[in-house]
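# Structure assessment
The chain contents come next:
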Amino acid sequence: MDDTRKELPPVSLSDVRTARVTGAEALAMHAEGRPGKLETRLSKPLVTARDLSLAYSPGVAEPCLHIARDPSLVYDYTSKGNFVAVISNGTAVLGLGNLGALASKPVMEGKVALFKRFADVDGMDLCLNTEDADEFINAVKYLGPSFGGINLEDIKAPECFVIESRLREIMDIPVFHDDQHGTAIVAAAGLINACHLTGRTLAETKLVINGAGAAAIACAELVKAMGMRPENVILCDTKGVVYRGRTDGMNQWKSAHAVETPARSLQQAITGADAFFGLSVKGALTPEMVRAMAPKPIIFAMANPDPEITPEEARAARADAIVATGRSDYPNQVNNVLGFPFIFRGALDVRARTINDAMKVAAAEALAQLAREEVPEEVARSGAGKRLVFGPEYIIPNAFDPRLISRVPTAVAKAAMDSGVAQKPLADLAKYSRDLTGRLDAAANALEAIHEAVRAKPRRVVFAEGEEEKVVRAAIAFANAGYGTPVLVGREERIDAVLATLGATLPPQVEVLNARSSPERQRRYAEWLYAKRQRDGYLFRDCQRLVNQDRNVFAACAVAMGEADALVTGETRSYSAALENIRMALDAEHGKVLFGLTMMVARRSGTVLVADTAIHERPDAETLAKIARGAANAARRLGLEPRVAFLSFSTFGDPKGVIPGSVRDAVKLLDTHGADFEYDGEMAADVALDPKLRAALYPFCRLTGPANVLVMPGLHAAHILTRAVPHLTSATTIGPVLMGLEKPAQIVPMQLGVNQLLDMACLAAYQSLPR
């Protein structure tokens, strides 16, 4: 029996600290609504009898006959070319061990979701109930007609080597075991850059790999394919160095990497080594070992959830070390999501017969190059206080870098073409790269970057309605996610009762404030509010009553006086009532207009921002122009290049009316004063969103693509649009996000879920970060 499985011992979910979620939250997410994470959606309309006749009998016979005559047409008439099977038998699920095929399904669904989220690759999870390699191979080998590629997942060694090797020989589509090659590719990218920073060449670098499982073997193979000398790569397992002549615990995959060396232990092997790859267990690399390494050591401690040595321990032993881990709470995360979605994207788009070493090397080099370039603003902000710039703490790109989709697949596709495995070469790689950029919604990446920015510089956020169950749950999630200090406004006994119902306890960083139990704070807030509102008809006792009895006023005073960074409310009061309370203490930012911004995120059309969705019933031309400027700035912060359409029932003067006149005047104001973004109007919604319609009827329109910022003529139209769309389509709405206050406050619509409340709290926190 091979011993390589011992390299990654089972862990419980509670051990996985980097997840920043609780077990209960994970279960609730998977069970909420339609269970699981996947569903099937139609890509063609099936509304009428004619639609059905075209999609199925009798119309479907036509593509069948054409494919029978020319099999390559299957890529033109079916989804095969963008369809990957994610297949496992559950024998090595994450770090949890052999859970079986059925228990592996949540992971496989998640993998399919990542394919779609990061590279717009469709997928299906297949969990095979067998641990026999021959049976597994026999089941998978017949799937070629249905899929453009096979992603193998969570299969234990050494069976994974046998399965992948034989399927690659049998099938004429890419077969890729991500646990092996995904880790190897991302680690290799980091190694390229670490060598660059330390003045090394790969050929001369001496590498020790601790662990001899699937990922470790793949790392050894890839670095050698990239030019590292075989004699400079030493593999270690639980029995020590894999050296020539060793018989104990060996197999053919380890034997392929055995070297002539007098070293017999990790301690001996690591002495004088330039680099270390850890794919083993916590604590395997000691500070003493690090001190024995060559100058400027490169340490990739990739065991999860706890690395072989922490970055703090490694740098305490050697201040000149460059360190990477598998964890998201440290710099230089070796994250497989940087690899597999984009590798398959490139392979599918050229119809590659396989994913070979040249394509893996190309992916690693593309990742390495990307890390050396200037980081886009929306990604750079995720570092908050730490600037993301190429150097010892930034040698691997951020997983949410929007450039990944255009850089890595293009490099992989080119390598496939150059190495002769592409069946559909691309004539124009530059155009292909541009087209890839449009496949994904930049705002989705920017939203995650917002969360990362808050994690990097945690904030103090007041949850004004702290006695409500959903608010308490959101505050706990806010703390667990590492976003900062949530402050619940409420009575301790009421909050304790909610916690008892939930069977939960507050994390230590959660604070509870109660106006009546804080007389000194109550007095300060009342005095401050009276000084602000005494000429608006408020007596001192009025301000005392507001601070003492209204949680939104109390929370807004805390933010206004600098005792908190932001607030979130809205669970128990209408938007307008909550806003009125907040504005007792918080004014609009000088020179800015207050407005609501709603993000509508659709699967195919991407993100569209709608403004104003909260404040102005009938905005005049000047207000509309200011709203457009504010919304355009928000779009840029989300990674979108704003294209602003001023909407109306009229399009460029037809039909005429009073409302179109004010919209047209807003456009004239921007023309007069200038703007650094595209804009035009007035126009109907279909004209704004359909470039073909504009080109046919209004070729003079200044917008160069579909509008992604819609400035509404009034609150009535904005509400109708944003409240109807989620019920009529699959689009998701976020907001209204309150824009233009002097200090951040967000109001959630009543009856929103915990996750949406958490998102709004995070957005409020993000608004408080230094610009």
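Up top is the structure.
The structure displayed is predicted, hence computed values, not measured ones.

## What to know about the sheet that holds strand E3 (residues 149-152)
Within the open sheet, the 4 strands sit side by side as E2-E1-E3-E4. Their pairing is parallel. Here the strands that pair on one side only, and so sit at the sheet edges, are strand E2 (122-127) and strand E4 (175-177). Between one strand axis and the next, the sheet turns by 25° as a mean value, whatever way the strands run. Looking at chain direction, strand E1 (residues 83-88) and E3 are connected through 4 bridges and run parallel. Along E3, the bridge assignment pairs Val84 with Gly149. Contacts between helix H8 (residues 178-198) and the sheet are confined to E3 and E4, with E4 contributing the most and set at about 75° to the helix.

## Observations concerning a nonpolar patch on the surface
Where nonpolar side chains cluster on the molecular surface, the patch consists of Leu42, Leu46, Leu52 and Tyr56 and spans about 450 Å² of accessible area. Structurally, Leu46 is set in the loop between helix H1 (23-31) and helix H2 (49-55).

## Things to note about the sheet that holds strand E19 (residues 709-711)
What the 6 strands build is an open sheet, ordered E18-E17-E19-E16-E15-E20; its pairing is mixed. Strands at the two margins of the open sheet, each flanked by one partner only, are strand E18 (678-683) and strand E20 (732-739). Within this sheet the neighbouring strands show an average axis-to-axis angle of 20°, counted without direction. Where strand E17 (residues 643-647) meets E19, 3 bridges bridge the pair, whose relative direction is parallel. Each residue of the ladder has a partner; that of Val644, found in E19, is Val709. The sheet contacts of helix H30 (residues 715-728) involve strand E15 (595-602), strand E16 (606-611), E19 and E20, and relative to E15 the element is tilted by about 25°.

## Quick look at the nonpolar core
If you look at the biggest cluster of nonpolar residues, it comprises 105 residues, and the most contacted ones within it are Ile150, Leu152, Leu191, Ile209, Phe277 and Met359. Apart from the residues within four sequence positions on either side, Ile150 is in contact with Ala85, Ile87, Val140, Met171, Ile173, Pro174, Val175, Phe176 and Phe344. Residues Phe463, Val471, Ala611 and Leu638 belong to the second largest nonpolar core, which totals 65 residues.

## A look at the packing of aromatic side chains
Tallying each qualifying case throughout the model produces 15 aromatic pairs. Ring geometry for Phe277 against Phe300: centres 5.2 Å apart, planes inclined by 10°, an arrangement best described as stacked. One end of the pair, Phe277, is in strand E8 (residues 275-278); the other, Phe300, is in strand E9 (residues 298-301), and 23 residues separate them in sequence. Across this residue pair, the class does not change: Phe277 and Phe300 are buried. Aromatic side chains Tyr525 and Phe554 sit 5.1 Å apart centroid to centroid with 55° between the ring planes, which places their arrangement in the tilted category. Residue Tyr525 is located in helix H22 (residues 519-533), and its partner Phe554 is located in helix H24 (residues 551-560); the two are separated by 29 residues in the primary sequence. The burial state of Tyr525 is the same as that of Phe554; both residues are buried. Ring-pair connections join several aromatic residues into one group, and the members of that group are Phe115, Phe176, Phe340 and Phe344. Across the ring face of Phe340, the terminal group of Lys111 is positioned such that the distance to the ring centre comes to 3.7 Å. Across from the ring centre of Tyr243, 3.6 Å away, lies the NZ or CZ of Arg264, which sits over that ring.

What counts and what doesn't
Residues numbered from 1 in each chain as written. Predicted model: local features only at pLDDT ≥ 70, side-chain atom pairs only at ≥ 80, totals over all residues. Heavy atoms only, no water. Pairing = 2+ DSSP bridges. Helix = DSSP H or I, 4+ residues; strand = E, 2+ residues; numbered from the N terminus. Axes fitted to C-alpha atoms, helices over the stretch in contact; angles between N-to-C directions. Contact = heavy atoms within 4.5 Å. Patch = residues over 30% accessible without salt bridge, like charges linked within 9 Å, V, L, I, M, F, W, Y side chains within 5 Å. Areas by Shrake-Rupley, 256 points an atom, 1.4 Å probe, with all protein chains shown as cover. Salt bridge = Lys/Arg side-chain N within 4 Å of Asp/Glu carboxyl O. Core = buried A, V, L, I, M, F, W, Y, C linked by side-chain atoms within 4.5 Å. Buried < 20%, exposed > 50% of the residue type's maximum accessible area, 1.4 Å probe, protein only. Phe/Tyr/Trp six-rings, centres within 6.5 Å; stacked < 30°, edge-to-face > 60°. Lys NZ or Arg CZ within 6 Å of the ring centre and 35° of its normal.

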